[in-house]
Amino acid sequence: MKEEMLSKKPLQILEKIKENLEKLNEKMEVMIELQKHGKKETPTVPDASLDVMTLLSMPDHLRKTAMTICRFGRATADEVAQQTNRARAVESAYLNQLVIMGYLKKERKGRKAYFYIDKEVHESR
Amino acid sequence: MSKIIAIHSYKGGTGKTLLSVNLAATLAKHGNKVCLFDLDFRAPSLFAILKVESTEYWLNDYLNGSCDINKVLIDLSSKLQMKDKFFVCLANPTTEAIRDICAKDRKWEMRALGRLLSLRNTLMKEQGFDYLVFDTSPGLQYSSINAIVAADLVLVATTGDRSDVNGTRRMLHEIYELFEKKTGLVINKVLDASSKAKMDEMRDKVKVVYHFPLLAVVPCFCEILRAEGNLIFAQDKPDHPFSKILEDLAKKIESDNIK
């Protein structure tokens, strides 16, 4: 009994560490991706529209991700990865890059991050 | 196995509307619930082909977000003597409406794509439509590319004309491939279609030139021209060779027999 109580705390700490590491990982992925594809990419264009001609002019790796979000409207990196058959970490990096480029918005809910096309741009006329 | 099918071409006059109407009618005859869409906003034609006198709401209104898709749906089943199966959504043919749609910006086009994509939910999931058939504008423009992106299968109508072959090939490789769309070719207005040697030669050529599956070959029929758009062959002349070709095409689509 006592042992169990004792083992709980380190477990919680480990969980926390894992969580933080995941967050760090995600940030690293973005940085790596940005370096790979040249960081000249414009920093945050507010409300850039994700229309079909924009999709056509995108590099192939980003188009695949962007099209999946177009179809879903809103999704996590995991859900996108299932559709594209690429690794979650890769999709996470691409999604974050699309956020930086202003095409997508990101929202955290608990431990999950959702990516979506901005509702205001999407709905208002 | 419900599907959204877009019918597109590089050049105008390749037979997109003829194919769309007859394919939709054939699918409906097979017992599918079908809706045909006129997405050729720059030169609407379905209202004339289907002889619809007037309607309160157009597809333009739905894409503008000013009405529900159900307001745009017109039930033509009884007119075409099909039981509860054939619906149509029309583009507004007035010059004012065409001018209005030409002036839309990127953001509008992006929302229009969202609205086309949501038809999968509202019409297919909720109202049990089996096939949505999109008749589009030729060439590279927003309304057509939106339709292609929203579709599950794209049929490309093309003829043997040099300018058409060249443009179609480029379009297939520089647009369709980028969107990773399931695509099939329909070669229209083929001469010497009764000669087997000529047909084999053409099939080989298509393979080499396009690298996409050939779904149908439609000979040049004087009867179609003579009908001046007054007949829906699949419905009015079910024994005509053109209707038979459409039967085969519809069966391929229904059995999902396209690589």
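Just so it is clear, the structure is predicted and the values come from calculations on it, not from any experiment. (Residues numbered from 1 in each chain as written. Chains lettered and ligands numbered in written order. Predicted model: local features only at pLDDT ≥ 70, side-chain atom pairs only at ≥ 80, totals over all residues.)

Turning our eyes to something else, we now look at the overall build of chain B. When helices and strands are tallied, chain B shows 13 helices and eight strands. Relative to the globule expectation of 18 Å for 259 residues, the C-alpha radius of gyration of chain B, 17 Å, shows essentially globular dimensions. Oriented by its inertia axes, the alpha-carbon framework of chain B measures out at about 55 × 40 × 35 Å. Looking at chain B as a whole, 41% of its 259 residues are labelled buried. Here the contacts in chain B between residues at least 6 apart in sequence split such that 76% fall between residues at least 24 apart. (Helix = DSSP H or I, 4+ residues; strand = E, 2+ residues; numbered from the N terminus. Rg over C-alpha atoms; globule rule 2.2 N^0.38 Å. Buried ≥ 20, exposed ≤ 12 C-beta atoms within 10 Å, placed from the backbone. Contact = placed C-beta atoms within 7 Å.)

Residue and element names in this part refer to chain A. Of the pairings in the sheet, the one linking strand 1 (residues 74–76) to strand 3 (residues 112–116) comprises three bridges and is antiparallel in character. In the sheet register, Arg74 faces strand 3, and the bridge partner there is Tyr116. As paired strands, strand 2 (residues 105–109) and strand 3 are joined by five bridges and run antiparallel to one another. If you follow Lys106 over to strand 3, its bridge partner there is Phe115. Adjacent in sequence and paired antiparallel, strand 2 and strand 3 are bridged by two residues, among which Gly110 carries a positive phi angle near 60°. (Pairing = 2+ DSSP bridges.)

This next bit is on the interface of chain B and chain A. With 16 residues of chain B at the interface, the matching set in chain A holds 12 residues. Elements with a contribution of two residues or more to the side of chain B that touches chain A: helix 6 (106–117), helix 8 (142–150) and helix 9 (162–179) of chain B. No other element matches the eight residues that helix 6 of chain B contributes to the side of chain B that touches chain A. Of the residues assigned to the side of chain B that touches chain A, the class counts are nine nonpolar, three polar and four charged. (Nonpolar A, V, L, I, M, F, W, Y, C, P; charged D, E, K, R; others polar.)

Bringing the nonpolar core into the picture now. One finds B:Ile5, B:Cys35, B:Leu132, B:Val133 and B:Phe134 to be the most contacted residues of the largest nonpolar core, which totals 92 residues. The greatest single-element share of this core, amounting to eight residues, is contributed by helix 1 (residues 16–29) of chain B. (Core = buried A, V, L, I, M, F, W, Y, C linked by C-beta atoms within 7 Å.)

It is worth spelling out the sheet that holds strand 3 (residues 74–75) of chain B at this point. All names here are of chain B. Pairing is mixed in the open sheet, where eight strands are placed in the order 3-4-2-5-1-6-7-8. Of all the strands in the sheet, just strand 3 and strand 8 (214–219) have a single pairing partner and so form its edges. In this sheet, strand 7 (residues 182–190) lies alongside strand 6 (residues 153–158) in parallel orientation, the contact comprising six bridges. Looking at the pairing, Leu155 lines up with Gly184 of strand 7. Set on the sheet, helix 8 makes contact with strand 1 (3–8), strand 2 (34–39), strand 5 (131–136) and strand 6; between it and strand 1 the angle comes to about 145°. Its contacts with the sheet place helix 9 against strand 6 and strand 7, and it is angled at close to 160° to strand 6. (Axes fitted to C-alpha atoms, helices over the stretch in contact; angles between N-to-C directions.)

So, about the sheet that holds strand 1 of chain A. Residue and element names in this part refer to chain A. Taken in spatial order, the three strands of this open sheet run 1-3-2, and their pairing is antiparallel. The outermost strands of the open sheet, each flanked by one partner alone, are strand 1 and strand 2. Strand-to-strand twist of the sheet, defined as the mean angle between neighbouring strand axes without regard to direction, takes the value 30°.

Turning our attention to the confidence of the model for chain A. All names here are of chain A. When pLDDT is averaged along chain A, the result is 83, and 80% of the positions lie at 70 or above. Of all the helices and strands in chain A, helix 6 (residues 119–123) carries the lowest mean pLDDT, 52, while helix 4 (residues 77–84) carries the highest, 96. Predicted confidence for residues 121–125 stays below pLDDT 50, and this span has seven contacts to residues more than four positions away or in other chains. (pLDDT = per-residue confidence, 0-100.)

Along the chain, B:Lys104 turns up in the loop between helix 5 (95–102) and helix 6. Once the C-alpha coordinates of B:Lys104 and B:His8 are considered, the two residues, 96 residues apart in sequence, prove to be 21 Å apart.

Residues and elements named next belong to chain B. The phi angle at Gln81 is positive, at roughly 55°, despite the residue not being glycine. Within the secondary structure layout, Gln81 lies in the loop between strand 3 and strand 4 (86–89). Overall, the presence of 9 C-beta atoms within 10 Å leaves Gln81 in the exposed class. The phi angle at Asp192 is positive, at roughly 55°, despite the residue not being glycine.

All right, on to the environment of B:Leu73 then. Residues and elements named next belong to chain B. For Leu73, the location among the structural elements is in the loop between helix 4 (69–72) and strand 3. Classification of Leu73 by C-beta neighbours within 10 Å gives buried; the count is 20. Taking the C-alpha atoms as reference points, Leu73 and Asp161, separated by 88 residues in sequence, lie 36 Å from one another. Setting aside residues no more than four positions away along its own chain, Leu73 makes contact with Cys35, Phe87 and Cys89.

Of the residues in chain B, 100% have a pLDDT of 70 or more, and the chain-wide mean is 94. Scoring the predicted complex yields pTM 0.85 and, for the interface, ipTM 0.81.

Two quantities define a packed helix pair, namely the angle between the axes and the distance from one axis to the other. Residues and elements named next belong to chain A. As a packed pair, helix 3 (residues 60–72) and helix 5 (residues 88–100) sit with axes 10 Å apart at the nearest point and diverge in direction by 85°. By the angle class used here, helix 3 and helix 5 are roughly perpendicular. Residues His61, Leu62, Thr65 and Ala66 of helix 3 pack against Glu91, Tyr94, Leu95, Gln97 and Leu98 of helix 5. (Parallel < 35°, antiparallel > 145°, perpendicular 65-115°, else oblique.)

Here we come to helix 3 of chain A. Counted at 1.5 Å a residue, the expected span for helix 3 of chain A with its 13 residues is 18 Å, and the 19 Å between its end C-alpha atoms agrees. Of the residues trailing helix 3 of chain A, A:Gly73 is marked for its positive phi of about 85°. (Expected span 1.5 Å × (residues − 1).)

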